[in-house]
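Spelled out from the first residue to the last, the chains are:
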Amino acid sequence: MKTDTPITIRRADYAPPAYLVDTVDLAFDLDPAATIVRAKLALRRNPKAAQDAPLRLDGEGLVLREARLDGAVLPPERLQLGADGSLAIADPPSAGLLETMVRIAPEANTALSGLYTSGGNFYTQCEAEGFRRITFFPDRPDVMSRYTVTITADRTLCPVMLSNGNPHGSGHAEGNRHWVRWVDPHPKPSYLFALVAGDLIDVHDHFTTRSGKLVSLNIWVRRGDEPRCAHAMDSLKRSMAWDEEVFGLEYDLDIFNIAAVSDFNMGAMENKGLNVFNTKYVLASPESATDGDWQGIETVIAHEYFHNWTGNRVTCRDWFQLSLKEGLTVFRDQEFSADMGSRAVKRIRDVRGLRAAQFPEDAGPMAHPVRPDSYIEIDNFYTPTVYQKGAEVVRLIHTRIGPAAFRKGMDLYIARNDNQAVTIEDFVSAMQDASGINLDGFMGWYDQAGTPEVTAEDHYDSATRRFTLTLRQRTPPTAGQLEKKPLPIPVAMGLLGPDGTELPMRLEGENTTQSGTRTILLEGAEQSFTFVDVPAPPLPSLLRGFSAPVKLKGVPRDRLRFLAVHDSDPFVRWESGQQYAASVMLEMIAAQQRGEALGFDEALAEAVTNTLAMAETDPAFAAEALVLPGEGFLADQMEVADPVGIHLVRRHLRAEIGRRCGAVLRANYDALTDTGPYRIDGRSIGRRALRNACLAYLATAGDTLLAKAQFDGASNMTDSLAALSLLADTMGEARESALAAFHARWRGDDLVLDKWFSIQAMAAREDVIEQVRALYAHTDFDLRNPNRARSLIGAFASGNPAHFHDASGEGYRFLADAVIALDPINGSIAARLIGPLGQWRRQSETRGALMRRELQRILDIPNLSKGTFEKASKALH
Ligand code: TRP
Ligand code: ZN
């Protein structure tokens, strides 16, 4: 049992740092087993802090060899090493030069936080609190310093040595060693420090900024990976041009480096001038990467690049403000991708992702505001709420004030806060001041957890030609926040006439009429909007473009059908189709629970036929419309989830549609076959997505041969994987031979092998838990590699609800076993995997009891990491 409960950090307790560090001079002597780090910190008391506050530096696992103050060795009695690894200095001066020398062991660092090795090379990861694992430092984002970094290492082992900023000299050192120096002219917080060294090769290009500055661009990879960097480089150049064009933001150094590493805790990291990336978001070739991977690379490259201004130049005062940089930067990368491809399809995908990951989080035990009030381990707050919901809140402000005012607000935000560590209020007030629109209410979106539910009621009076729309909102209580207040909700809307055309809109009191989409603002718990001069009984189209992250409930089925066909807004068309299908499916699930036979709603077959008939104009949109609502989306709408029942109904319906629409699905499948060379433009991607959506129906209806033929003949990973995942659900020989062939072909490619693990972990087969256990013991499985761990454990627990929730409890037991094994290796990844066990309140009592038992078993492990402790204990309560 844990004896010392970890400390909770609270937002309300913020105090400015006691000391500031103007400059940092770091010298690394790299060695995998014993690296020496010398740091010179120019310290001075913070004029904004108490002048008698102690001088305490964060540290974790550092072996202190020597400390000097202004050149004089500090005697042991002036050095106090804390139990947490920190270092305090007794009788501190008001200013001085502190020099420390520490020893660390990068090759023993399995947590991948701080300085670690991967494949014999050196990499760092410092966000959020990894810098303290490299040297003693006030490791908090409101301490911003100018860094000079000198790296010395063996010439053969580390021909390449990189850090932040611009290069500033290099030379020979003793033995077979050499050194390089990097100087970063921009002050930055310690979490943006980076070092990469090793035997790497670079793909080089350049970019000229619009003010005429030439920037050298380099992507550093393992030897042999160079041919797979072209898409990442292209995405980078497009990101740089886009940020200049849309936000007027230029790059601010002579060189921009990206290093790709296969052992990495997250997607990528925006270190100043030296982004470090998970190989998953850099490397792509048609044979090895899916269209989804291709799009992921574009998005993540853009995201990290955009952080250069939103995150790096203007950073966070403390980690509670994390969404200040993440929500804003996700919003920016979403807008970039929308501009690069189809805006409507991008929006649909983002909303699908929000509902799959963020809505359940907001409704479960880990629910927290976009700006949390407290945490034990900040690593646990890199969540869909901080990122995706945070981006939705920025989008709300964008919708409320309009794009021109938003741009002015961004300019003001940067002008006021450049080179400073600031808060979310600073962002909102810049938007408010630039627009002249009061945004006070929008702070509620940052401070209140939970997803608001919105309902609409309306009435048309043909005598007075008045149409009254009444909107109501309510947010269910969340852990620690039982009372909820109404939030400002911009509702983008239109009115459709009986023939489906848009009606002009004029609100009572207005003297002009608007047509097309307009946005009304719901601010109270209930509000009515009266439209005048409405010529015919209208049907309201609400929440166009998903103008707010809310659940719009209770739209009747006949209206959904009408909107799915007639609305001018593609999002509402897609959404109405999905809601219609969801409502039919929920009814089927209920019927199944009562032991009744499952009927079939002809309207669904009709919708499939209609969608296919119009697919030619926008195949990517048609593909989105064709896919039935996901299992998680359905579970989210049930009082008590029935994961097995949901899965059975969804498969049944897929097979039924596959049979009833077989001919038209097959005709489309054939017509969508591309014979030319592989292309990754939006239209080609859309055609592949649509063709694979057709295949999914046909294969579920029994056409395994078609899936096998596609697998055998596939010339790109998208088609190969789509077919393989359908074969993986089947029982015959075709499955075994396809999986074996795939493994044989790709066993040398980690990123593709991850897919091989995931497909089997997510398969719809009775014996999947046994298979997952066997894969866990497979020679190619490696718990230490985060991508591999996620590809099996995460894919099973999050991507296969029907089997994760197996009535035996074996799925829960497998997850808990894996978390317990992983925690001592990498606590941050272990904590992240716990999520699905936290959904026990939404499950039946028997399942809930089994889930709680596994959470308790995790909590009973001695010396649990504080992140895993926080996740498991919050999940349990
Ligand atoms: N700031 C990074 C991003 O949003 C993500 C990040 C945070 C991260 N902590 C990390 C990445 C730890 C790797 C490891 O892009
Ligand atoms: Zn980010």
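Basis of the calculations
Residues numbered from 1 in each chain as written. Chains lettered and ligands numbered in written order. Predicted model: local features only at pLDDT ≥ 70, side-chain atom pairs only at ≥ 80, totals over all residues. Heavy atoms only, no water. UniProt positions renumbered as here; feature names shortened; annotations may be inferred. Salt bridge = Lys/Arg side-chain N within 4 Å of Asp/Glu carboxyl O. Helix = DSSP H or I, 4+ residues; strand = E, 2+ residues; numbered from the N terminus. Buried < 20%, exposed > 50% of the residue type's maximum accessible area, 1.4 Å probe, protein only. Donors = N, O, S within 2.8 Å, 3.2 Å for Na, K, Ca; no water. Phe/Tyr/Trp six-rings, centres within 6.5 Å; stacked < 30°, edge-to-face > 60°. Near = heavy atom within 4 Å. Polar contact = N/O pair within 3.5 Å; in protein donor to acceptor, adjacent residues only side chain to side chain. Contact = heavy atoms within 4.5 Å. Pairing = 2+ DSSP bridges. Axes fitted to C-alpha atoms, helices over the stretch in contact; angles between N-to-C directions. Lys, Arg positive; Asp, Glu negative; His and termini not counted. 1 Å grid on protein atoms, 1.4 Å probe; cavity = no way out; pocket = protein on both sides within 12 Å on 5 of 7 lines; lining within 4 Å. Points joined across faces, edges and corners; volume = space filled by probe spheres on them. Nonpolar A, V, L, I, M, F, W, Y, C, P; charged D, E, K, R; others polar. Disulfide = S-S within 2.5 Å.

In the annotation of an unreviewed UniProt entry, the protein chain is listed under the name Aminopeptidase N and assigned to Roseicella aerolata. Per UniProt, the protein chain has the following entry under Catalytic activity (unreviewed entry): "Release of an N-terminal amino acid, Xaa-|-Yaa- from a peptide, amide or arylamide. Xaa is preferably Ala, but may be most amino acids including Pro (slow action). When a terminal hydrophobic residue is followed by a prolyl residue, the two may be released as an intact Xaa-Pro dipeptide." The heading Sequence similarities (unreviewed entry) in the UniProt record of the protein chain holds the text "Belongs to the peptidase M1 family."

## Examining the pattern of salt bridges
On inspection of all chains with the given rule, the structure shows 79 salt bridges. Across the pair K755 and D293 runs a salt bridge whose closest N-O atoms are separated by 2.6 Å. Taken together, the residues span a long stretch of sequence, with K755 in helix 20 (residues 750-761) and D293 in helix 2 (residues 291-306) at a distance of 462 residues. For K755, a relative accessible area of 14% translates into the label buried. Where E457 meets R472, a salt bridge forms, and the shortest distance between an N and an O atom there is 2.8 Å. Of this pair, E457 sits in strand 25 (residues 453-461) while R472 is found in strand 26 (residues 466-474), placing the two residues 15 residues apart along the sequence. Exposure remark for E457: the relative accessible area of 47% places this residue in the partly exposed category.

## Examining the coordination of the zinc ion (ligand 2)
Taken together, H303 (NE2), H307 (NE2), E326 (OE) and E326 (OE) make up the protein donors of the zinc ion (ligand 2), found 1.9 to 2.8 Å from the metal. In primary-sequence terms, the residues that donate to the zinc ion (ligand 2) follow H-x3-H-x18-E. With a gap of 19 residues between them, H307 in the loop between helix 2 and strand 22 (314-316) and E326 in helix 3 (residues 322-340) connect regions that are remote in the sequence. Take H307 and E326: they sit in the same class, and that class is buried.

## As for the packing of aromatic side chains
All told, the structure shown has 33 aromatic pairs when counted by the stated rule. Between F306 and F336, the ring centres sit 5.7 Å apart and the planes meet at 85 degrees, which makes this aromatic pair edge-to-face. Residue F306 is located in helix 2, and its partner F336 is located in helix 3; the two are separated by 30 residues in the primary sequence. Exposure class is identical for F306 and F336. Each is buried. Summarising the aromatic geometry, the rings of F546 and F571 are spaced 5.6 Å apart at their centres and angled 50 degrees between planes, so their arrangement reads as tilted. Placement of F546 in the loop between strand 31 (539-542) and strand 32 (551-553) and of F571 in helix 10 (residues 570-593) is noted, with a sequence separation of 25 residues between them.

## With respect to the site of ligand 1
The local shell around ligand 1 holds 15 residues, among which E127, E270, E304, E326 and Y387 are the closest. Take E270: an N or O atom from its side chain is 2.8 Å from a nitrogen atom of ligand 1. The contact in question runs from an oxygen atom of ligand 1 to an N or O atom on the side chain of H303, over 3.3 Å.

## A few points about the environment of E457
Between the C-alpha atoms of E457 and L471, which are 14 residues apart in sequence, the distance is 6.6 Å. The residues touching E457, leaving out its near neighbours within four places in the chain, are T468, L469, T470 and R472. Polar side-chain contacts of E457 include one of 2.8 Å to the side chain of R472.

## A word on the sheet that holds strand 4 (residues 55-57)
An order of 4-8-7 is seen for the 3 strands of this open sheet, with the pairing classed as antiparallel. At either end of the open sheet lies a strand with only one pairing partner, and these are strand 4 and strand 7 (79-81). Neighbour-to-neighbour, the strand axes of this sheet turn through a mean angle of 20 degrees, independent of strand direction. Summarising the sheet, strand 4 and strand 8 (residues 87-89) pair through 3 bridges and their orientation is antiparallel. The residue of strand 8 that forms the bridge with L57 is L87.

## Comments concerning the side chain of E377
Summarising the element assignment, E377 is placed in the loop between strand 23 (374-375) and helix 5 (384-401). At 4.2 Å, K866 is the nearest oppositely charged side chain to E377, a buried residue that forms no salt bridge. Those residues in contact with E377, other than ones at most four positions away along the chain, are K866, G867 and E870.

## Some points on the pairing of strand 15 (residues 177-189)
Two faces belong to every sheet, and in a regular strand the side chains alternate between them. In this structure, strand 12 (residues 144-154) lies alongside strand 15, joined through 10 bridges in antiparallel fashion. Opposite Y147, over in strand 15, you have D184 as the bridge partner. By the bridge criterion, 5 bridges tie strand 14 (residues 166-172) to strand 15 in an arrangement that is antiparallel. The partner of H172 across the bridge, within strand 15, is H178. In this antiparallel pair of consecutive strands, strand 14 and strand 15, the connection spans 4 residues, and G175 shows a positive phi of 65 degrees.

## Section: empty space enclosed by the protein
Empty space among the atoms can be located by rolling a probe the size of a water molecule over them. In the structure shown here, the tally under the stated rule is 1 cavity of 30 Å³ or more. Considered as a void within the structure, the largest cavity measures approximately 30 Å³ in volume. Around the largest cavity, the lining residues are V454, L471, V491, L542, L543, V550 and L552. Partitioned by chemical class, the residues of the lining of the largest cavity number 7 nonpolar, no polar and no charged.

## Looking at the sheet that holds strand 20 (residues 268-269)
The sheet built from 5 strands is open, its strands ordered 17-18-19-21-20 with mixed pairing. Lying at the two open borders of the sheet, with one neighbouring strand each, are strand 17 (201-208) and strand 20. Here strand 18 (residues 214-221) pairs with strand 19 (residues 255-261) via 5 bridges, running parallel. When the sheet's bridge partners are listed, I219 is paired in strand 19 with I258. Packed onto the sheet, helix 1 (residues 230-247) meets strand 17, strand 18 and strand 19 and runs at close to 25 degrees relative to strand 17.

## Digging into the state of the cysteines
Summed over the entire model, instances satisfying the criterion amount to 0 disulfides. The thiol of C158 is not disulfide-bonded; the next cysteine sulfur, from C126, is found 17 Å away. Accessibility expressed as a relative area gives 1% for C158, which makes it buried.

## Some thoughts on the UniProt feature "domain: Peptidase M1 alanyl aminopeptidase C-terminal" (unreviewed entry) in the protein chain
As recorded in UniProt, the sites labelled "domain: Peptidase M1 alanyl aminopeptidase C-terminal" (unreviewed entry) are residues 558-877. When the span residues 558-877 is considered, its composition is 70% helix and 0% strand, and the gap between its end C-alpha atoms is 41 Å.

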